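Results of the structural survey
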Amino acid sequence: MKLALRFSALYHKLSDTNILTRKSAVLHFLNCLSDQANAPHVLVNPVETALSVMGLKSIKAHPEFPTLPTSFPSAPAAEFNPNEQEPDITLQKPRGPCNGYYLLGGRDGSTILSLCLLRDMLFIFQDIDGKFIKFDVSADAYVIIENKLDGFTEEFKKVIDGWTGGADVSNEGLIRQGFCVGIQKELVRHFELIAQLEDQFTKVDFADDQDYASKGLSLKRLLVWITEPLLKLRLISVLVDLSAGLRGGALLSMIHGYTNHGDPFVQEFVEGLLKEVSVPFYQMLRRWLYEGELNDPYQEFFVVHDRNVDKNNMWRNQYVLRSEMIPSFFNRSCYLIGKSLNFIRYCCGEESYVIKRSQELVSAPLGFLEYGDTTQLEKSITVAYKDISAHILDLMFGKYKLMTHLQALKKYLLLGQGDFVQNLMDKLGSDLSKPANGILRHNLTGILESSIRASNAQHDDPDVLRRLDVRLLEISAGDSGWDVFTLDYHTDSPISTVFPSQSMHQYMKLFTFLWRLKRVEHTLSASWKKGMTEYIVFSKLKDIGQHFHLSNVVISEMIHFTYQLQYYILFEVLECSWNELNVYLDKRTGDLDQLIGAHNKGLLAATTSSNQNMFSMLIGLFDVILKFQLAVEGMVDIGFEVLEAAKKSDSKAFESRLMQRISSIHDTRLNVSQPSSEPLACTNRFRWRKRILQALLNALSSHPDANLHGLRVQLDYNSFYKGKGAASS
């Protein structure tokens, strides 16, 4: 009854206490101590018992980290009898950073005294063999005479041999050397602890046998003192194993992964180690973020500098990002900040801005750009990234007139300046009709300058007009001037960063296609005007008049096709892409990479609106239209040639001869192998509808792009060609 009342009083007293937060753990610990005190005859291993509870059960903060054992085999208990010889006890345990530590002993039935065991333990903590405890090379473990002692000193020996004197890391990088420095500092603290333990041990030597435990060092006190250093060394051993083959930012990422561990002790230890290891990295990062300089002799930084790249390609190719070297506690903004500073200095010529920013580093507070508060560091990097990116955009849109150059590309290479394009085509017609190998570039340049002065293009920025030039493509056999002529727009740094050679090549492809389409539209317009004024002369002739009437109908169909196609390309494709680009540019946000991406996106949408097969169909249609127009002109020339002779001869004989000559024109101009008995207009009208246009309409109907379905409706809004195709078939 008294024990129950006493237990109740103690329980209520413990419950009312607010100081203890883990009351159940305290009770469990006291219970374990009472069990040890009540069972002196049992050989209890206090080191193993403590480490099985306090050890690192699982050090896992990264997917690649090894899974460590969650439990350890318990040591077998043995009855102690000084008069009876005990058999040798050997424990075969898994090796690794989480192994237990076993002090079992005895030889020839005698027990090693605690003082001797303490002295040997202090020796093996320094990787020195003791009198009774020695390292057995064959067993790869410390043994007490015949019995093995596996655990701490083995890991300690590996750490010392691998990271202090046994390995040369001078050529493995500054960050790896920082890792060595951090480990060496931990080892120095360990040896300081050993020195304190030795001082405590000396008190044992001068104490009486009765009360030496109260005055000096004992095995239990040694366990309490050495528990935390054991955990640190065990964690160091894990980090050493996992660091094999890692360097630079990858090594920092591996170590930083342990800051997410649930044990506060592990977190604190790893953060302290990272402060030492990351010192060389932050020194390189400091120069990169504030000066744009890259000082990386061992290729450990996440940026690689290619010195063979010229200034025009500096933004894209001179500084290469190595994603595997970016520490996990950084983002891509660090890479863009240094690259932007070099772009401002070397491409934009703004050396003063970089110097001003480097002076900010001098006034930075103590401890800035050191490992610690990563959240605050990320905020500072984000602010710097936004400021530098905004400054680059201000330079591009202000000093270097990016919008002016974009407008110039739209006007001249995308044929947005209508009066200039019309004047240029009128003046170039006779020269471009010649064979390509007989065209002189300086003549075309003179015509270009004349067209500029004769149109509203003369009011543009002189710098824009200076960049506009004529370019002749590679000449193939049979090419005319129309096939090789193109306009070019010269760009230099820093504008060439937004408009590189690849983008200018896309612009020239668009110009070539639009120039062909404009030529077809210009040719058909001239033929239509000629038909309305001169073809009426032939309407009085019975058979010939009907033939010229059908020719005008075919020309009208071709004009409708050309205008609808031109409208779709200029307004549905190019203008929509241009408006999307303008919406982004008006915001003036983001960085230079995002600006380049927005421009490339609009350009890609304009150049990939149709596939190669459809493009070939359109080029074939253009060729048919031009050949038909030449054939009609031949008909008109023949008609006027013999018209006067018809007045003096028989009209029926004249019409017969005229039809024969028209058929010959048809066969020659349109590459028909056999003369046709049908009228020229009827034959080509059938070929125009059935063979080429109908194939294009079918391709548009089956195309996955819904916008091209709208083009098909515009070309055949009343199903006219569909009905004709069904009737002809």
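This section reports on the structure supplied with the text.

**Some points on a nonpolar patch on the surface**
Residues Ile 19, Leu 20, Val 26, Leu 27, Phe 29 and Leu 30 make up a contiguous nonpolar surface patch of about 580 Å² in total accessible area. The residue Leu 27 is located in helix α2 (residues 23-38) in this model.

**Here's the deal with the pairing of strand β7 (residues 485-489)**
Counting buried positions along β7 gives five out of five residues, so the element sits mostly inside the fold. Here β7 shows two buried faces, one formed by Phe 485, Leu 487 and Tyr 489 and the other by Thr 486 and Asp 488. Taken together, the five bridges between strand β6 (residues 468-472) and β7 define a ladder with antiparallel strand orientation. Bridging from a neighbouring strand, Asp 469 pairs with Asp 488 of β7.

**Let's talk about the packing of aromatic side chains**
Considering all chains together, one arrives at 19 aromatic pairs under this definition. Between Phe 281 and Phe 330 the ring centres are 5.6 Å apart and the planes differ by 50 degrees, which places this aromatic pair in the tilted class. Note that Phe 281 is positioned in helix α11 (residues 279-290) and Phe 330 in the loop between β5 (319-321) and α13 (333-347), a separation of 49 residues in sequence. The pair formed by Phe 281 and Phe 330 is uniform in burial state, with each residue classed as buried. Aromatic side chains Phe 513 and Phe 622 sit 5.8 Å apart centroid to centroid with 40 degrees between the ring planes, which places their arrangement in the tilted category. Placement of the pair is Phe 513 in helix α22 (residues 501-533) and Phe 622 in helix α25 (residues 612-646), with a sequence separation of 109 residues. Across this residue pair, the class does not change: Phe 513 and Phe 622 are buried. Chaining the aromatic ring pairs together yields one cluster made of Phe 281, Tyr 282, Trp 288, Phe 301, Phe 302, Tyr 319, Phe 329, Phe 330 and Tyr 371.

**Examining helix α18 (residues 441-453)**
For α18, with 13 residues, the first-to-last C-alpha span of 19 Å sits near the 18 Å given by 1.5 Å per residue. Where α18 is concerned, the buried positions are Leu 444, Thr 445, Ile 447, Leu 448, Ser 451 and Ile 452. For α18, the buried positions fall inside an angular range of 160 degrees around the axis, keeping them on one side. Of the exposed residues in α18, those oriented more than 90 degrees away from the buried face are His 442 and Arg 453.

**Overview of unusual backbone geometry**
Cis geometry marks the peptide bond from Ser 493 to Pro 494, where omega comes out at 5 degrees. Within the secondary structure, Pro 494 sits in the loop between β7 and α21 (495-498). Here the phi dihedral of Lys 401 falls at roughly 50 degrees; this positive angle occurs in a residue that is not glycine. Examined against the element boundaries, Lys 401 turns out to sit in the loop between α15 (374-399) and α16 (402-413). On the basis of relative accessible area, Lys 401 is assigned to the partly exposed category, the value being 40%. At Arg 588, a residue that is not glycine, the phi angle is positive and equals roughly 55 degrees. Positionally, Arg 588 belongs in the loop between α23 (542-587) and α24 (592-607).

**Notes on the state of the cysteines**
Evaluation of the coordinates by the stated rule reveals zero disulfides. A disulfide-free cysteine, Cys 348 has its sulfur positioned 6.3 Å from the sulfur of Cys 347, the nearest such atom. Taking the relative accessible area as the measure of exposure, Cys 348 reaches 2% and is therefore buried.

**A few points about the pattern of salt bridges**
The final tally for this structure, using the stated rule, is 18 salt bridges. Put simply, Glu 291 and Arg 287 hold a salt bridge, and the shortest N to O gap is 3.7 Å. Of the charged contacts, one joins Asp 593 and Arg 332 as a salt bridge, the two residues approaching to 3.3 Å between their closest N and O atoms. Separated by 261 residues along the polypeptide, Asp 593 in helix α24 and Arg 332 in the loop between β5 and α13 bring together distant segments of the chain. Given the relative accessible area of 24%, Asp 593 is considered partly exposed. Residue class for Arg 332 comes out partly exposed when judged on its relative accessible area of 42%. Through salt bridges with shared partners, a single ionic network connects Asp 463, Arg 466, Arg 467 and Asp 492.

Calculation notes
- Residue numbering note: each chain is counted from 1, following its sequence as written.
- The predicted nature of this model means local features are confined to residues of pLDDT at least 70 and side-chain atom pairs, given and counted, to a pLDDT of 80 or more, with totals for whole chains, interfaces and linings taken over all residues.
- Each side-chain value is derived from all of the structure's non-hydrogen atoms; neither hydrogens nor water enter the calculation.
- Patch membership needs two things, relative accessible area over 30% and no salt bridge, and members are linked within 9 Å if like-charged or within 5 Å if nonpolar (Val, Leu, Ile, Met, Phe, Trp, Tyr).
- Using a 1.4 Å probe, the Shrake-Rupley method yields the accessible areas, and only the shown protein chains count as cover for residues.
- Here, a salt bridge means any Lys or Arg side-chain nitrogen found within 4 Å of an Asp or Glu carboxyl oxygen.
- Put simply, DSSP H or I for four residues or longer makes a helix, DSSP E for two residues or longer makes a strand, and each gets a number counted from the N terminus.
- Accessibility here uses a 1.4 Å probe with only protein chains present; expressed as a share of the type maximum, an area under 20% marks a residue as buried, one over 50% as exposed, and anything in between as partly exposed.
- In this description, strands pair whenever DSSP reports at least two bridges between them.
- Between the rings of Phe, Tyr and Trp (Trp by its six-membered ring), a pair exists once the centres lie within 6.5 Å; its type follows the angle of the planes, with under 30 degrees stacked, over 60 edge-to-face, and the other angles tilted.
- Multiply 1.5 Å by the residue count of a helix minus one, and that product is the helix's expected span.
- Note that the arc is defined by the directions from the helix axis to the C-beta atoms.
- Any two cysteine sulfur atoms lying within 2.5 Å of each other are counted as a disulfide.

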